Amino acid sequence: MKCEEYQTLIEEYADGMLDERAADRVTSHIAACADCAYFYKELDREQELFSRYQRDVEVTPVIWASIESRIREERAKRPTGIVSRLREQLAGIFAAPRLSPAFAAVLVMIAIGLTVFVMSRLNSTQAPDQVATNNPSNPPGVSSSAPPKSPAPPQPEPKPEGIENTERKPRIVPPRKQPSNTALTPAQLVQEAEQKYLTAIAMLSRDMNKRRSQLDPMMLARFDASLAEIDRTIKETRQVVKGNPDDPIALQYLLAAYSKKVDVLREMTNNNNDTNN
Amino acid sequence: MIEAISLVGQSSGHAGTLMNSSEELIARARRGDDEAFRLIFDRYGRPIISFIYDMVGRRDLAEELTQETFVRAYKNLKALRDDTKLSTWLFGIAKNVARESLRYKHRETDKVGIDDDRVIEISDAKLPPDRELLDKELNGVIRDALGALDEDKRLVFTLKIFQQRSYEEIAEITGSSIPKLKTDLHRARAEMRRRIRPYLGAGYEV
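Quick notes on the rules
- Residues numbered from 1 in each chain as written.
- Chains lettered and ligands numbered in written order.
- Predicted model: local features only at pLDDT ≥ 70, side-chain atom pairs only at ≥ 80, totals over all residues.
- Heavy atoms only, no water.
- Helix = DSSP H or I, 4+ residues; strand = E, 2+ residues; numbered from the N terminus.
- Buried < 20%, exposed > 50% of the residue type's maximum accessible area, 1.4 Å probe, protein only.
- Contact = heavy atoms within 4.5 Å.
- pLDDT = per-residue confidence, 0-100.
- Buried area = accessible area lost by both parts, 1.4 Å probe.
- Salt bridge = Lys/Arg side-chain N within 4 Å of Asp/Glu carboxyl O.
- Nonpolar A, V, L, I, M, F, W, Y, C, P; charged D, E, K, R; others polar.
- Axes fitted to C-alpha atoms, helices over the stretch in contact; angles between N-to-C directions.
- Parallel < 35°, antiparallel > 145°, perpendicular 65-115°, else oblique.
- Core = buried A, V, L, I, M, F, W, Y, C linked by side-chain atoms within 4.5 Å.

**Observations regarding the overall build of chain B**
Next up, step 1: On a plain count of helices and strands, chain B comes out with nine helices and two strands.
Next up, step 2: Secondary structure elements of chain B occur, N-terminal to C-terminal, as β-β-α-α-α-α-α-α-α-α-α.
Next up, step 3: Burial statistics for chain B: of 206 residues in total, 48% are counted as buried.

**Let's talk about the side chain of Glu12 of chain A**
Next up, step 1: With respect to the element layout, Glu12 of chain A can be found in helix H1 (residues 3–14).
Next up, step 2: Classification of Glu12 of chain A by relative accessible area gives buried; the value is 9%.
Next up, step 3: Look past the residues within four positions of Glu12 of chain A in its chain and what remains in contact with it is Met17 and Leu18 of chain A together with Tyr167 and Lys182 of chain B.

**Focus: the confidence of the model for chain A**
Residues and elements named next belong to chain A.
Next up, step 1: A residue-level look at chain A finds 56% of positions with pLDDT of 70 or above and a mean pLDDT of 67.
Next up, step 2: Per-element averaging of pLDDT across chain A places helix H7 (residues 129–134) at the bottom with 32 and helix H2 (residues 20–32) at the top with 93.
Next up, step 3: Between residues 94–101, whose pLDDT stays under 50, and residues either more than four places distant or in other chains, the model counts 13 contacts.
Next up, step 4: Across residues 125–182 the pLDDT falls below 50, and counting only partners more than four positions away or on other chains, this stretch makes 32 contacts in the model.

**A closer look at the interface of chain A and chain B**
Where interface size is quoted, it is often the accessible area lost as the parts come together.
Next up, step 1: Contact residues are listed per partner, giving 36 residues for chain A and 52 residues for chain B.
Next up, step 2: Overall, the association of chain A and chain B removes approximately 4500 Å² of surface from exposure, summing both partners, and the carbon and sulfur fraction of that is 57%.
Next up, step 3: If you sort the residues of chain A by the area they bury against chain B, Phe50, Tyr53 and Trp64 of chain A come out on top, with a joint share of 16%.
Next up, step 4: One can count twelve salt bridges joining chain A with chain B.
Next up, step 5: One salt bridge connects Asp34 of chain B with Arg75 of chain A, and the closest N-O pair in it is separated by 2.3 Å.
Next up, step 6: For the side of chain A that touches chain B, the secondary-structure elements that each account for two or more residues are H1, helix H3 (34–51), helix H4 (61–77) and helix H5 (82–95) of chain A.
Next up, step 7: The residue inventory of the side of chain A that touches chain B, partitioned by class, reads 14 nonpolar, five polar and 17 charged.

**Brief notes about the packing of H1 of chain A against helix H9 (residues 178–200) of chain B**
Next up, step 1: Between H1 of chain A and H9 of chain B, the least distance of the axes is 11 Å, while the angle of their chain directions is 95 degrees. Considering their axes alone, H1 of chain A and H9 of chain B lie roughly perpendicular with respect to each other. Contacts between H1 of chain A and H9 of chain B involve Thr8, Glu11 and Glu12 of chain A from the former and Lys182, His186, Arg189 and Arg193 of chain B from the latter.
Next up, step 2: Each residue belonging to the contact of H1 of chain A with H9 of chain B can be placed in one class, and the counts come to no nonpolar, two polar and five charged.

**As for the nonpolar core**
Across soluble globular proteins, nonpolar side chains have a tendency to be buried as a group.
Next up, step 1: Core analysis: the biggest nonpolar cluster contains 65 residues, and Ile67 of chain A together with Phe37, Ile40, Val56, Phe70, Leu90 and Phe157 of chain B have the highest contact counts within it.
Next up, step 2: In terms of nonpolar packing, the next biggest core, distinct from the first, is built from 23 residues, Met208, Leu227, Leu255 and Tyr258 of chain A among them.

**A word on the confidence of the model for chain B**
Residue and element names in this part refer to chain B.
Next up, step 1: Within chain B, residue pLDDT values average 80, and 73% of them lie at 70 or more.
Next up, step 2: pLDDT under 50 marks residues 111–128. Its contacts with residues more than four places away, or in other chains, come to 29 contacts.
Next up, step 3: Within the model, pLDDT remains below 50 along residues 202–206, and this stretch shows 16 contacts once partners closer than five positions in the same chain are excluded.
Next up, step 4: As scored by the predictor, the complex reaches a pTM of 0.54 and an ipTM of 0.76.

**Comments concerning the pattern of salt bridges**
Side chains bearing opposite charge may pair, as long as their charged atoms lie close to each other.
Next up, step 1: The full count for this structure, using the stated rule, is 27 salt bridges over all chains.
Next up, step 2: Between Arg72 of chain A and Glu68 of chain A there is a salt bridge whose closest N-O contact spans 3.6 Å. Of this pair, Arg72 of chain A and Glu68 of chain A are both found in helix H4, four residues apart, which corresponds to roughly one turn of the helix.
Next up, step 3: Arg72 of chain A gets classed as partly exposed once you look at its relative accessible area, which sits at 48%.
Next up, step 4: Note that Asp60 of chain B and Arg58 of chain B form a salt bridge whose closest N and O atoms lie 2.9 Å from each other.
Next up, step 5: For Arg58 of chain B, a relative accessible area of 24% puts it in the partly exposed group.
Next up, step 6: The network of salt bridges with shared partners includes Glu11, Glu42 and Glu46 of chain A together with Arg193 and Arg197 of chain B.

The following block contains the structure:
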């Protein structure tokens, strides 16, 4: 080995980054080579000079005061309570697997699509009935009361119980929520989506279990860790949804967590296919 | 991992938290304990601001970017996966913040690249005997030499030489492979050596 090559090793030796065997080789060479011994000495002197470098900068109380102020602003913006906790947890999960840029892009797209879809459905089910029923000027497709999959046909006003058909006099009926058999509630919407996700998850899991032995063990461990974390989130989010079935954010996160699980399983399968090809 | 924290210049209110592991502080900060986050700042503020200053070369900017680093850390505390790597994680955020600043603000005019003629001049001149003056001059030379390194080399050099991070930690912070960072570090050292060589001579005892 030439002295030039030794110089790189001498630097690593000075950094304490060489194993015992390599360090022995370097010390033997330094003992036998005047140029490299000089280089090593110079490196030591450089380090000494650098250790005396003083910067024209200090950590002042003003810096912390600014940070503290910005943290307070940040906290004021955050939603409080369990929804916030779930949001942060989910954000962490999305950052967890770090699989591939393509996968990340797909996740983002799905998350956005899901959010738009669920929120639009939730908005439609939560929109005041008055607006939809009393405003015939709403052009088709603009009315927020019509769910996209099952448009509700005009329903006759149901008669209150106990009043026979014989009573034909016009009555003043106070505005009230019109029962709809076709518009899905948020809970029903989630149930429907949940069923679809569960079916997809079951299929993918079955497929994956058959191929587990062919997957790289380290990759498998990472996938399993991600899945375990997603399952935990699903469990916790479902509890929140159970207690608060109309909370749009909780519902949104539950669906996003299912979506995430589908994607991780899909990624596992794809990875397995790539390995085999 | 228990780390003692320096209480120099701090109020006595912190005395009860003399020994706090990073993990404990993170857990408390995640629960909304501002005092815990303050202790994290107390512990890592100085190395972070030094690192950023070495990267951007300006005090006011280093202060501003240090604030940004800790605010981002606060916002993303729950995304920190391995609590034992708080310091590496903070340096990673600081690196991103510094790089964004360098990339988008184009402070070319603020960079003080060292002039080779000046090196020759110093090397030819008789060094003043006063140690303090000499140190001051050396500080300027090191700062300018750092500013003249390209960004990747400056990053690796600063993390290794001034912050004493291991190669593995630097790889995590920078996202570079270890062979690449070794190459960058070797080249950065060579450039820095060339620029501070006058101070390595016999006239400047260390």
